[in-house]
Amino acid sequence: LTFDAGEPIYSLVLDSWQGQAKALSELNRLWAEADPWVDDQTAWVGIKFLVLNPDVGVFSSVQADFFFSASGAIIPDTNVLTFIAEPYQDGTLFYWDVVWLLLYVELLLGCIKDLVWTLKKRPQ
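Calculation notes
- Residues numbered from 1 in each chain as written.
- Predicted model: local features only at pLDDT ≥ 70, side-chain atom pairs only at ≥ 80, totals over all residues.
- Heavy atoms only, no water.
- Pairing = 2+ DSSP bridges.
- Helix = DSSP H or I, 4+ residues; strand = E, 2+ residues; numbered from the N terminus.
- Axes fitted to C-alpha atoms, helices over the stretch in contact; angles between N-to-C directions.
- Phe/Tyr/Trp six-rings, centres within 6.5 Å; stacked < 30°, edge-to-face > 60°.
- Buried < 20%, exposed > 50% of the residue type's maximum accessible area, 1.4 Å probe, protein only.

(A) Layout of the sheet that holds strand β3 (residues 44–53). The strand order across the open sheet formed by 3 strands is β3-β4-β5, and the pairing between neighbours is antiparallel. Edge positions in the open sheet fall to β3 and β5 (74–84), since each of these has one partner strand only. Across this sheet, the average inter-strand angle for adjacent strands is 10°, counted without regard to direction. Both strand β4 (residues 58–68) and β5 contribute to a ladder of 11 bridges, which runs antiparallel. Looking at the pairing, D65 lines up with D77 of β5.

(B) Spatial organisation of the packing of aromatic side chains. In the structure shown here, the tally under the stated rule is 4 aromatic pairs. Relative to F83, the ring of F59 lies with its centre 5.6 Å away and its plane at 25°, an arrangement referred to as stacked. Placement of F59 in strand β4 and of F83 in strand β5 is noted, with a sequence separation of 24 residues between them. Its relative accessible area of 25% is what places F59 among the partly exposed residues. Exposure remark for F83: the relative accessible area of 37% places this residue in the partly exposed category. Considering the side-chain rings of Y95 and W96, the 5.0 Å spacing of their centres and the 70° angle between planes classify their relative orientation as edge-to-face.

Printed below as a string of structure tokens:
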């Protein structure tokens with residue numbers, strides 16, 4: 001429980017290593033409080049979690065948002081970002097990352113050269 005300008009902001013972290021029983025007890029504790037954490041003034045509830053799929057070797061970062069409008073509508077939104085657990089397992093990706101880095105350094109040096117040239121040509 002944190003506070004922003006005097007208003008309570010509820011933040012709850014449920015770690016998977018603590019187990020399902022701990023997660024359920026924390027959620028039951030929140031629902032049993034005299035001052036409920038979801039009420040008429042709630043504008044947003046968000047859930048974030050990270051999932052590993054070891055069969056294909058990818059992580060998925062999942063975020064589910066629920067926006068509560070003043071009219072009473074609940075607007076859901078989900079975002080899923082999937083990325084490879086071991087990106088450099090194959091040397092091909094490392095090669096392309098090095099090529100990208102060299103091109104980026106060339107662009108940076110070109111911009112610095114143009115900036116120095118412009119500053120030298122500027123009237124004093």
